[in-house]
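Architecture at a glance
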Amino acid sequence: MGQKLVGILLNAAMHRGVPRLKTGQESLELYEEAAAAYGMVPCFLQLSDINLESGYSIAYVKGSQGYQRTVVPTPAVIHNRAIYSQGSTGINRLLGQGLLIFNTCNRYGKDEIHRLLMQNGVREFLPDSAIGFSGLKAMMSRYPDLILKPCRGSVGKGVMRLSRSSERRWIWSYLPSGSRRWAKRAVHPEALPRALRARLSAMPYLIQERIPLAELNGRPFDLRVTVQRGWGGDWQVTGMFAKLAAPGGFVSNIARGGKAFSTSAVLEQVFGGEAAAGIRMSVQTLSLTIARELERSLPGLADVGLDIGITRDRRLYFIECNGRDQRYGFQKAGLGGIWKDSYRRPMGYARFLLDDPSRYIRY
């Protein structure tokens, strides 16, 4: 198997850190190891260094002196790990030249994903939802506990909660700007504070019923499920881990104080061994179904992280889709082998496309 080039497209800030091995949560070492397993050499690119006219690009390639900027033939297959929304002019230009890019778009609105899944067979696994301030008023009349999420937010930033404590009193929970501690404020349902209304008017918010998640030692948790295409092109569940909210918190994001643990360990403590095995199988089945449903509408989808909630009575809920899955949670959960697999599988898919470009799915 002769060595071939595979592109890893990074955003500008992360790309600048490659020669200093400062790429945040992305592991250059695991990309190298995974690509080598499929006879490939990873080339770390940024969009501005890809020259479509010449067919060559400037990329960081590892050599004896570390990572050096090198002129290389533009890789025919590129795994996008930069942040681009649908309709990106730069990405569309690459696609127009015949390059095979997977995960072309990896920033989807939560409202958009919810709308797409409402149209097909996973509707029963979705929490009731609405949009914006008018949606908030309607949801407050139907549910005593709500989660408010920015449609375009990530890592739990901007998430808020409204919970009813009495007929005329609700509790608003939020993170003040620059703070790491949750603030709580009593509010009147007919006179919501200006600060809350300002947040809702500043950006689109998805308003959802709060799912009564199962808890471990009083801490609610959900599961992050990594679903990827690998060699052969089929969707596979690479692995999953449990995310426990910080003590007293209601969001499980690791960036907001949540902790990552082995799924098996958490589920077995909460539900018992036999039930835990059944839940894991059900979560895998649901996650594969969601990935296959989303690919019908989202071109180039190949690598996602799905958050799946479980209630105390074992009901499953889809929470959200992460188009650029932050795989480091596997490492933090002590699942080093699965962490490596989460890099290996996309490289397998890249080699699959290099060997048979006709299998690239276009819409």
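Residues numbered from 1 in each chain as written. Predicted model: local features only at pLDDT ≥ 70, side-chain atom pairs only at ≥ 80, totals over all residues. Heavy atoms only, no water.

1. A short note on the packing of aromatic side chains
- This structure, assessed with the given rule, holds ten aromatic pairs.
- The interplanar angle of 25° and the centroid separation of 4.0 Å between the aromatic rings of Trp172 and Tyr174 together place this pair among those described as stacked.
- Here Phe241 and Phe330 contribute two aromatic rings whose centre-to-centre distance is 5.0 Å and whose plane-to-plane angle is 80°, an arrangement assigned as edge-to-face. Here Phe241, found in strand E16 (residues 235-244), pairs with Phe330, found in helix H9 (residues 328-332); they are 89 residues apart in sequence, far enough to count as distant. When sorted by exposure, Phe241 lands in the same class as Phe330, which is buried.
- Taken together, Tyr31, Phe44, Tyr67, Trp339 and Tyr343 form an aromatic cluster joined through their ring pairs. (Phe/Tyr/Trp six-rings, centres within 6.5 Å; stacked < 30°, edge-to-face > 60°. Helix = DSSP H or I, 4+ residues; strand = E, 2+ residues; numbered from the N terminus. Buried < 20%, exposed > 50% of the residue type's maximum accessible area, 1.4 Å probe, protein only.)

2. Some points on unusual backbone geometry
- Phi angles above zero are rare outside glycine, and Asn103 is one such case at about 60°.
- Position of Asn103 relative to the elements: it lies in the loop between strand E7 (100-102) and helix H4 (110-118).
- Overall, the relative accessible area of 1% leaves Asn103 in the buried class.
- The phi torsion at Asn217 lies on the positive side, around 55°, for a residue other than glycine.
- Relative to the helices and strands, Asn217 is located in the loop between strand E14 (215-216) and strand E15 (219-229).

3. Section: a nonpolar patch on the surface
- Together, Tyr56, Ile58 and Val71 make up a nonpolar patch on the protein surface, roughly 280 Å² of accessible area in all.
- Secondary-structure assignment places Tyr56 in strand E4 (residues 56-63). (Patch = residues over 30% accessible without salt bridge, like charges linked within 9 Å, V, L, I, M, F, W, Y side chains within 5 Å. Areas by Shrake-Rupley, 256 points an atom, 1.4 Å probe, with all protein chains shown as cover. Salt bridge = Lys/Arg side-chain N within 4 Å of Asp/Glu carboxyl O.)

4. A closer look at the side chain of Lys243
- Inspection of the secondary structure assignment puts Lys243 in strand E16.
- Under the relative-accessibility criterion, Lys243 is labelled buried at 3%.
- Polar contacts involving the side chain of Lys243 include one to the side chain of Asp307, which spans 3.5 Å. (Polar contact = N/O pair within 3.5 Å; in protein donor to acceptor, adjacent residues only side chain to side chain.)

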